[in-house]
Each structure stands twice: as C-alpha cells, then as structure tokens.
Amino acid sequence: MTVTITLNGIRRTGEVQPDTSLYTFLRQQGCLSVKCGCETSNCGLCTVHLDGCPVLSCSVPAFRADGHEVTTLEGVQKEAEEFGAFLADEGGEQCGFCSPGFILSVLAMARELENPTDDQIKEYLAGNLCRCTGYQSQLRAIKKWLAARKEGDK
Amino acid sequence: MYTASNYVLAQSLDQALELNRKRSSAIIGGGCWLRLGRKRIGTLIDLSALGLDKIQENEEEISLGAMVTLRQMETSKELEAAFGPFFADMVRHIVGVQFRNCATLGGSVAARFGFSDILTGLMALDCQVELAQKGRMPLEEYARLAPDRDILTAVVVKKDGRKAVYQSARNISTDLPVLTCALSHKGDLWRLVFGARPGKAEAVETGDPGSLERLAGEFSFGGNMRGSEEYRRHLAGVLTRRALEQLRREEE
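Criteria and cut-off values
Residues numbered from 1 in each chain as written. Chains lettered and ligands numbered in written order. Predicted model: local features only at pLDDT ≥ 70, side-chain atom pairs only at ≥ 80, totals over all residues. Heavy atoms only, no water. Axes fitted to C-alpha atoms, helices over the stretch in contact; angles between N-to-C directions. Helix = DSSP H or I, 4+ residues; strand = E, 2+ residues; numbered from the N terminus. Parallel < 35°, antiparallel > 145°, perpendicular 65-115°, else oblique. Contact = heavy atoms within 4.5 Å. Nonpolar A, V, L, I, M, F, W, Y, C, P; charged D, E, K, R; others polar. Domains from an automatic or database assignment. Buried area = accessible area lost by both parts, 1.4 Å probe. Salt bridge = Lys/Arg side-chain N within 4 Å of Asp/Glu carboxyl O. Polar contact = N/O pair within 3.5 Å; in protein donor to acceptor, adjacent residues only side chain to side chain. Pairing = 2+ DSSP bridges. Buried < 20%, exposed > 50% of the residue type's maximum accessible area, 1.4 Å probe, protein only. Phe/Tyr/Trp six-rings, centres within 6.5 Å; stacked < 30°, edge-to-face > 60°.

An account of the packing of helix α2 (residues 77-89) of chain A against helix α3 (residues 99-112) of chain A is requested, with residue identities and associated values reported.
All names here are of chain A. As a packed pair, α2 and α3 sit with axes 11 Å apart at the nearest point and diverge in direction by 105°. Viewed along their axes, α2 and α3 adopt a mutual orientation that is roughly perpendicular. Facing Glu 79, Ala 80, Phe 83 and Leu 87 of α2, the residues of α3 in contact are Phe 102, Ile 103, Val 106 and Leu 107. Of the residues contributing to the contact of α2 with α3, the split by class is seven nonpolar, no polar and one charged.

And the structure:
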C-alpha cells in the first residue's frame, strides 16, 4: 500500500506493509536521526512530530501518517542547533544517543507550554530517557534556552 | 511486534464489525500495546476515520470517543471543568507525553488490562461504555466480560456532581503501577476502586468514610514482579488514606 506524507515540508510517497511502523518508514525515507531504542514504547528516542504533536514513531503505524505532516530532527535544524548549544554548555548531552527524540520533545513543549515550571518540564519530558546525564544538566539547559528565547522575543 | 497481512481504514462501523467477525482480525487503537506482542493479525482494522476521536458534552454527560487519546483526556477543558484534575492525575504517570499522544481510551478500556490506570479511574465515576452491537452497558459490567468481537465506540461519563481523586504507587516514575486507587464521593456514597492488584480493577461502595481503610484491606491482592501481596495490601491502606485526605481537601 502507498503512503504519502509531508515530511519536513516536502511531500514524500512510499510503499509500506500493513505492519510497517512510522519509524521504519521514516528511516526508509532517509531520516536517520530517528532511532529505535527500547522496542517497548518507553524510551522516547523515536519521538517525531505528527501534525505538530510529539508521538512515538515506533508505535504509530505508517498508514496512520498518510496525508499528515511529519517532522523529524532533520526538519528543525536551526532550532535544534540553538538548543543544542545550551545543552553543550550545561553538559546536558554526553553520548548523544537520546538527543534526537529529546530535542523534538523539548521543541514541542516550548510550543505547548507557556513559562513552564520545573515540575511541568520534568513531567513533559518524563517519556525521554537518558542514561548519561541524570537530567539535571538537561533541565538547566532547557531553562536557560527558554529564558534566552523569551529575551529574544522582547 | 505484531505482523498483519491486510490493513483496512474502516469507512463505517458496520464495515468494521463485519471485518472484526474473523478471529484473525484485530482493531488497532494507538498501537502502543499491540506492538509489544507477537500477534499474527489477518486484517488490521483502523477506526480513525470514524470520528471517534471527539470529546462531546451535553447537560448530563460527557462522551469520550474510543479513539480519544490519553493526552486529549489529560488536557480536556470539559473534563477539567466537570471533574477537576482527576483525569489529568489518572494519566499523567503513563510513560510520557509522546506515548499519551498515541495511546487511546478505547485501546485501554477494551483490553481490560489489570494494570490499567484508566479502568481504575473510570470505575470510580458513573460510566457506561457504548458498543457497536450491544449498545450501552455499565463499565463495571463490561470490565467483567471476556473480550468478544463487538467494538467499543465510546465511554460516557455522567456529570452527576461526583468528586473523585486518583492515587497510584509506582516503583519508578512512568513504570506500570504497583497499585492504582480511585475514590469518589457523591451524597452519602463513597466508591473505592483498586486496580493493578495485579488483577483487574474492582470497586466497593460504602456510606461510611470511616470504613474505607477496613474495606481496602478486604480487597483481594496478589504478588508479581512489581510487588508482593503483602506490600500491595499495605499500600492499599496508604493510598486510601491519601485519597480520602485529598478528596476532603478538594471538597472544602
């Protein structure tokens, strides 16, 4: 069966099987930032945006994305680079394996929540597991990035 | 991961019912749990074109379509206005936002998982399920039935002024719960529910809030990898006390 999506702003069509996941389809489309970490719908590594909402691409069947917009890390390079600089400054990224899904979740959170508290940030990102940082450095990076964005908006 | 030979985006409930008569067919909700198994599916039936992803409200009740996601329930203004933070508290510990944007109410309720936060929470309210063939029936009755080939289309929650609170205990944040607990109060009636016992959620009602802790101890609990029977029994008392205190604070 054929699936057509708008992937990072570009219309893409491909053939999928009834049990193909969105994750597999995106990898086939060349989006290699999308990785599968846990195979248990748990780690958040495979997070992408489906019509702007963060979803687990390992759990979404590819056919569900037909006719919809999908954004991966490749589609948000500028924002990812800006936030990545804050992550680097705070030591919030060590092995970097979780970063694609983590960054996409942070970008979704920034759109969804206005002035999030520490607890709201922790809760929103609870589905992104990181085995290196202990999360404190990531939290500092997010808060400083959000503050800098707010300052830039003035 | 499951395998499937065919995929059909159902255009009507009748079509979905007809396809689902075959034992090899399966309805897909969010797919989050389905993908964890190795089921060999003949026809995968997708209900996402049937408009079942809406939360609709009238004077008496709120109807939640089977394809409503857990995140929709968490952020719904209608549910918050009628039940305060109850629905958000019920789902906020379920993995993460990206999971809750996928997982559906119908998938959680129809599967009748013992560990389900959703089933525990909803059983504390006056809820009915809507089935494509059988029509409406109380959620508690539906939860007791063995899964069949009928299709869950909605869960209908009565806006009866009931106050409800939700508590759960987890070994680690976002893990499956060791024990789930919901308590509701309306008039002279208190309804206490425990799920993840580790069996399916069960409810008990009383007119005396002083008896809730004793009643909590009378539920049947069991042991599994997340906790022993003894630990769950102890937690039941703790969660009941917390729930009662929270309910009284919210009613003040």
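Alright, that's what it looks like, and here's the rest.
So, the domain arrangement of chain A: which residues are in play, and what are the values?
Residues and elements named next belong to chain A. Taken domain by domain, chain A holds domain 1 (2-72) and domain 2 (75-153). Here the C-alpha centroids of domain 1 and domain 2 sit 22 Å apart. Each side of the interface is counted separately: domain 1 has 14 residues, and domain 2 has 15 residues. A combined buried area of about 1,100 Å² lies between domain 1 and domain 2, and 61% of that area is made up of carbon and sulfur atoms. Scanning the region where domain 1 abuts domain 2 turns up zero salt bridges. The tally of links from domain 1 across to domain 2 stands at six residue pairs in polar contact (both at pLDDT 80 or more). Looking at the side of domain 1 that touches domain 2, its residues break down into four nonpolar, nine polar and one charged.

Report on the sheet that holds strand β3 (residues 40-46) of chain B, specifying residues and quantitative values.
Residues and elements named next belong to chain B. Spatially, the three strands line up as an open sheet ordered β1-β3-β2, and their pairing is parallel. The sheet terminates laterally at β1 (3-9) and β2 (26-28), the two strands that pair on one side only. Here the average twist between neighbouring strands, direction ignored, is 35°. Two strands pair when backbone bridges link them, and β2 and β3 are joined in this way by three bridges, in the parallel orientation.

So what's going on with the pattern of salt bridges? Which residues, and what values?
The full count for this structure, using the stated rule, is 28 salt bridges over all chains. The closest approach of N and O atoms between Lys 143 of chain A and Asp 118 of chain A, which form a salt bridge, is 3.1 Å. A residue pair is termed long-range when its members are at least 10 positions apart, and Lys 143 of chain A in helix α5 (residues 136-153) and Asp 118 of chain A in helix α4 (residues 118-124) qualify at 25 residues. Judged by its relative accessible area of 30%, Asp 118 of chain A falls in the partly exposed class. One salt bridge connects Arg 170 of chain B with Asp 117 of chain B, and the closest N-O pair in it is separated by 2.8 Å. Of the two residues, Arg 170 of chain B sits in the loop between β9 (163-169) and β10 (179-186) while Asp 117 of chain B sits in helix α7 (residues 117-123), which places them 53 residues apart along the sequence. There is no split in this pair, since Arg 170 of chain B and Asp 117 of chain B are both buried. Connected through salt bridges with shared partners, the residues Glu 112 of chain A together with Arg 71, Glu 74 and Arg 100 of chain B form a single ionic network.

Got a sec to walk through the packing of aromatic side chains? Specific residues and values, please.
Aromatic rings in a pair are described by how distant their centres are and how their planes are angled relative to each other. All names here are of chain B. Under the criterion given, the structure shown has 13 aromatic pairs over all chains. Taking 5.1 Å as the distance between ring centres and 50° as the angle between the ring planes, the aromatic pair formed by Trp 33 and Phe 115 counts as tilted. Taken as a pair, Trp 33 in the loop between β2 and β3 and Phe 115 in the loop between α6 (105-111) and α7 lie far apart in primary sequence, 82 residues in all. With a relative accessible area of 31%, Trp 33 lands in the partly exposed category.

I'd love a proper account of the interface of chain A and chain B, names of residues and values included.
At the interface, 27 residues of chain A touch 29 residues of chain B. Together, the buried faces of chain A and chain B total about 2,200 Å²; carbon and sulfur atoms form 53% of this surface. Of all residues in chain A, Asp 19, Arg 64 and Glu 123 of chain A bury the most surface against chain B, accounting for 27% of the area lost on that side. Taken together, chain A and chain B are joined by four salt bridges. Across the salt bridge formed by Arg 64 of chain A and Asp 46 of chain B, the nearest N and O atoms sit 2.9 Å from each other. Inspection of the region where chain A meets chain B yields 14 residue pairs in polar contact (both at pLDDT 80 or more). Elements with a contribution of two residues or more to the side of chain A that touches chain B: β4 (53-56), α3 and α4 of chain A. Of all the elements, β4 of chain A adds the most residues to the side of chain A that touches chain B, at four residues. Here the residues of the side of chain A that touches chain B are counted per class, giving 12 nonpolar, 10 polar and five charged.

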